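Structural characterization, general
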Amino acid sequence: MATIQHLLLLGLATIHANAQGGGGMPLDGQPPTGPPIHSGPWRGEGQTAGSPPLALFENKLPIPAIAKPEFSEEIDGRTVDFYSMTIENFDKQIYPDLNPSHMVGYNGMAPGPTFFVDRGRETIIRYLNKGNQISAVHLHGSATHAVWDGWAEDDIGPGQWKDYYYPNYESGRSMWYHDHVHGHTATNAYMGQAGAYILHDAAEDALGLPSGDYDVPLAIADKKYQSNGELVSPEGETQNFYGDIIHVNDQPWPYHAVEPRKYRFRVYCMSLSRPYNLWFQDASGQSIEFQIIGSDAGLFGSPVSSSDLTISMGERYEIAIDFAAFAGQNITLSNALQIPIIEEYENTDKVMRFVVGSSVSDSSNNDGVPSTLNPDVNWPEQKDNVDHVFTFQQGGDGGAQWSVNGLDWEDVNNRILAKPPQGATELWELRH
Ligand SMILES: [Cu+2]
């Protein structure tokens, strides 16, 4: 059954808003502040989904381990890096005085290890399932052949393994890998099977964007906990799942010590149902202007200045922000999104905190973001006629099943709704 979580993890978000360009104020060393966005009462004030309370900004932002290839091989002039991963049960202590949570993650951690891959090097990743639930691995954002795309019924049973091949020929971009198995995608991803896969290319490296410790993945997800400290599972939920505890890199409301210089953040929305309107709040409550430099398909043609960023489930945005004017301050990454169908809670308007130090240990790649980032954005040709209309709805037959144009996943003979010829440009209209 295709549940809403399944659709959402496929990137078919119910709510989608693009980043809006802001005032375009240059980052000239002056405090780049704008008007406060979060005005008016927070709708979640005093509300909880039942999770025991947790302190804010007391734990460090975890930086996921880096995946290392086991070996590399030259095959017909191509370089292939071979990685080996497990899908493993592990316990994670979120509440110091309560039970740990039972989770299942890649190499027994959440988020899974981060892959840093150079464009043009190919990868083969073996996933051995040591858990007790079926899995399938999808590399979200990659142009992957069908057999390795984590098709929902191409499952890896407990004790089984599968090798996935990725060509990595696209331009640099922030992708992510997560479970994608039929009927359990949402639960498996939420319980730990999700991680970053970052593709680098030489053209991007030549731009002098913040790198190394100054290039940080931030995977945001909301979860909820039982009174004993263990996670509440989303299994069986057919509508939406809104948690009251906001995690970044699987740590509730962390803090990250930063230097007063430029950073590149790769923001991932790994929530099941919750989109965010993110903004950086300085000590006086003012918003800080930043630059949005890329999204799901890699770097933008040019950076876009903004004081906020709306991001939905499955999406990635990359931003550049300068903390130079905020030495010694705390900057809070906040969420301003308040719309009727989203359940807000006491602290879902807070995401994480940046504690800005007083000195810069490395000033390389700390110049302005170039005005041209990607001169080769492959825009599709202009089309006026709509080739296909897809209508998404739930419960048309009285059940909880989601359908597209009235057809659901189980209708094997009819569920292929479009077969565009390779290389064709089509204009699709999606209705919800
Ligand atoms: Cu995905």
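Please read all numbers here as calculations on a predicted model, not as lab measurements.

Let's shift gears to the overall build of the chain. A tally of regular secondary structure across the chain gives three helices and 26 strands. Against the 2.2 N^0.38 benchmark of 22 Å for 432 residues, the chain shows a C-alpha radius of gyration of 21 Å, consistent with a compact globule. When its C-alpha atoms are laid out on the principal axes, the chain stretches across 60 × 55 × 50 Å. By the burial criterion, 42% of the 432 residues in the chain qualify as buried. Long-range contacts, defined here as pairs at least 24 residues apart, represent 77% of the contacts in the chain between residues at least 6 apart.

Let us look at the sheet that holds strand β12 (residues 245–248). Reading across from one edge, β13-β12-β11-β15-β21-β18-β19 is the order of the seven strands in this open sheet, with mixed pairing throughout. Each edge of the open sheet is held by one strand with a lone partner, namely β13 (251–252) and β19 (298–306).

The next subject is the sheet that holds strand β26 (residues 428–431). Ordered by their spatial adjacency, three strands build an open sheet running β25-β24-β26, and the pairing between neighbours is mixed. This sheet does not close on itself; its edge strands, each paired only once, are β25 (402–404) and β26. In this sheet, adjacent strand axes meet at a mean angle of 15 degrees when their direction is disregarded. Relative to β25, strand β24 (residues 388–394) is paired through three bridges, and the arrangement is antiparallel. The residue bridging F392 from the neighbouring strand is V404, located in β25.

This brings us to the environment of Q291. With respect to the helices and strands, the residue Q291 is situated in strand β18 (residues 290–295). Expressed as a C-alpha distance, the spacing of Q291 and P303, which sit twelve residues apart in the sequence, is 5.9 Å. When residues no more than four places from it in sequence are discounted, the contact partners of Q291 are P303, V304, S305, I319, A320 and V369.

Right, let's talk about unusual backbone geometry for a bit. Following A110, the chain continues to P111 via a peptide bond in cis, the omega torsion being -5 degrees. Relative to the helices and strands, P111 is located in the loop between β4 (101–106) and β5 (112–118). The backbone phi angle of N107 is positive, close to 55 degrees, even though this residue is not glycine. Locating N107 in the fold gives a position in the loop between β4 and β5. Assessed through the 17 C-beta atoms surrounding it within 10 Å, N107 is described here as partly exposed.

To continue, consider the nonpolar core. Grouped together as the largest cluster of nonpolar side chains are 81 residues, with contacts concentrated most on I220, V267, Y268, I319 and I321. Three or more residues apiece are contributed to this core by two domains, here domain 1 (4–56 + 211–356) and domain 2 (71–205).

Here the domain parsing of the chain yields domain 1 (4–56 + 211–356), domain 2 (71–205) and domain 3 (384–432). For domain 2 and domain 3, the distance between their C-alpha centroids amounts to 28 Å.

The rules behind each value
- Residues numbered from 1 in each chain as written.
- Predicted model: local features only at pLDDT ≥ 70, side-chain atom pairs only at ≥ 80, totals over all residues.
- Helix = DSSP H or I, 4+ residues; strand = E, 2+ residues; numbered from the N terminus.
- Rg over C-alpha atoms; globule rule 2.2 N^0.38 Å.
- Buried ≥ 20, exposed ≤ 12 C-beta atoms within 10 Å, placed from the backbone.
- Contact = placed C-beta atoms within 7 Å.
- Pairing = 2+ DSSP bridges.
- Axes fitted to C-alpha atoms, helices over the stretch in contact; angles between N-to-C directions.
- Core = buried A, V, L, I, M, F, W, Y, C linked by C-beta atoms within 7 Å.
- Domains from an automatic or database assignment.

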